[in-house]
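For reference, the chains in residue letters:
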Amino acid sequence: MAKVVVITGASGGIGAELARQLGARGDSLVLGARRQAELEKVADEVRAAGGKAVTVKTDVTRRGDIEKLRDAGMEAFGHIDVWVNNAGQGITRSVLDLTDEEFDSIIAVNVKSALYGMQAIVPYFKERGEGHVINVSSFLARVPIASFRSAYNAAKAALNSLTANVRMDLAKEFPNVHATVFMPGIVSTEFRNNALGGTIGNWSNIGTTAAGDSQTPEEVGTIMVQLIDNPVAELFSNPASSGIARRYYEDVAAFEKGL
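Okay, so let's go over this structure. (Residues numbered from 1 in each chain as written. Predicted model: local features only at pLDDT ≥ 70, side-chain atom pairs only at ≥ 80, totals over all residues. Heavy atoms only, no water.)

### Regarding the pattern of salt bridges
And then number 1: Here the structure, examined in full by the defined rule, presents eleven salt bridges.
And then number 2: With a shortest N-O distance of 3.3 Å, Glu 17 and Arg 20 are connected by a salt bridge. In this pair, Glu 17 and Arg 20 both sit in helix 1 (residues 13-24), three residues apart, roughly one turn of the helix.
And then number 3: Close ionic contact of Arg 128 with Asp 81 constitutes a salt bridge, the shortest N to O distance being 3.0 Å. On the criterion of sequence distance, the pair formed by Arg 128 in helix 4 (residues 100-128) and Asp 81 in the loop between helix 3 (63-77) and strand 4 (82-85) is long-range, its members being 47 residues apart. (Salt bridge = Lys/Arg side-chain N within 4 Å of Asp/Glu carboxyl O. Helix = DSSP H or I, 4+ residues; strand = E, 2+ residues; numbered from the N terminus.)

### What to know about the environment of Ala 108
And then number 1: Relative to the helices and strands, Ala 108 resides in helix 4.
And then number 2: Residues contacting Ala 108, with those up to four places away along its chain left out, are Thr 61 and Ser 113. (Contact = heavy atoms within 4.5 Å.)

### Some words on the layout of surface pockets
And then number 1: Roughly 260 Å³ of internal volume is contained in the second largest pocket.
And then number 2: As for the second largest pocket, its lining consists of 14 residues, and the residues nearest its centre are Lys 3, Asp 81, Glu 130, Gly 131 and Asn 176.
And then number 3: Across the lining of the second largest pocket, the residue classes tally to five nonpolar, five polar and four charged. (1 Å grid on protein atoms, 1.4 Å probe; cavity = no way out; pocket = protein on both sides within 12 Å on 5 of 7 lines; lining within 4 Å. Points joined across faces, edges and corners; volume = space filled by probe spheres on them. Nonpolar A, V, L, I, M, F, W, Y, C, P; charged D, E, K, R; others polar.)

### Comments concerning the pairing of strand 6 (residues 177-183)
Successive side chains on a regular strand alternate, one facing one side of the sheet and the next facing the other.
And then number 1: The element strand 6 is largely enclosed, with a buried count of six among its seven residues.
And then number 2: Pairing of strand 5 (residues 131-136) with strand 6 involves six bridges; the strand directions are parallel. Each bridged residue has a counterpart across the sheet, and for Val 133 the counterpart in strand 6 is Ala 179.
And then number 3: Judged from the three bridges that link them, strand 6 and strand 7 (residues 234-236) form a sheet pairing that is parallel. Across the sheet, Val 181 pairs through a bridge with Glu 234, a residue of strand 7. (Buried < 20%, exposed > 50% of the residue type's maximum accessible area, 1.4 Å probe, protein only. Pairing = 2+ DSSP bridges.)

### Side note on the side chain of Arg 149
And then number 1: Within the element layout of this structure, Arg 149 appears in the loop between strand 5 and helix 5 (150-171).
And then number 2: A distance of 3.0 Å separates a polar atom in the side chain of Arg 149 from a polar atom in the side chain of Thr 92. (Polar contact = N/O pair within 3.5 Å; in protein donor to acceptor, adjacent residues only side chain to side chain.)

### Regarding unusual backbone geometry
And then number 1: In this structure, Ser 150 is a non-glycine residue whose phi angle is positive, near 25°.
And then number 2: Take Ser 150: it is sitting in helix 5.
And then number 3: For Ser 150, a relative accessible area of 9% gives the class buried.

Shape is all these values report; function is a separate question.
Dropping the structure here:
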């Protein structure tokens with residue numbers, strides 16, 4: 001059965017690819033992002049593939065914009081099945097060099113935006129008795145292989161915790177309302193080029209042993225489509241990530257020394 005899916009950060013990267021794949025199977029998309037021209041291009045691709053799409057210029061750091069995104073989806077399609085909090089921004093700055101402004105900005109984009117999304121849609125899902133929130137986090141929330149991402153890593157760790165707590169709140173009374181943490185590893189998108197503080201170039205110094213192989217947006221999008229059809233509590237995009245995370249927590253000191 002076709003679904004109605006809201007995606008933030010849908011103008012590029014993982015969000016755009018997820019929209020294209022869902023559109024190709026006939027789903028209806030509600031796409032939000034700040035870049036209107038790029039957002040419209042993605043919507044056109046969705047429609048050309050056989051799906052339906054509406055776009056809403058959205059600053060995810062504004063609660064009112066998130067609520068408008070929800071309302072636009074309800075108006076266009078009558079209901080919402082899945083909400084994907086995908087918008088995010090990285091940073092290239094060590095912990096001790098972070099400014100107040102940088103830290104606040106990263107928290108707003110990566111954590112508060114998802115909080116606004118959950119608070120906007122989960123009450124509706126509870127009334128409906130079903131629904132699925134997917135919060136796009138990062139492997140870096142679990143394993144500190146890239147300390148230059150500092151505040152981003154901390155923000156995604158906070159997002160993981162918020163998601164786990166809302167999932168626990170829902171579990172007993174609303175078993176069909178799902179909340180998922182989705183954790184991509186290294187993905188070949190323009191994301192790192194848009195990081196505050198610029199980019200460090202390639203990630204070759206991290207190595208595949210620590211992070212797992214890089215994935216394409218197409219690969220990650222395919223996994224997310226499967227996640228939408230089969231909700232779970234947490235999912236890494238890279239099958240190697242869970243084993244790496246397990247090794248990290250088994251002996252933190254030894255793992256970090258190895259890095």
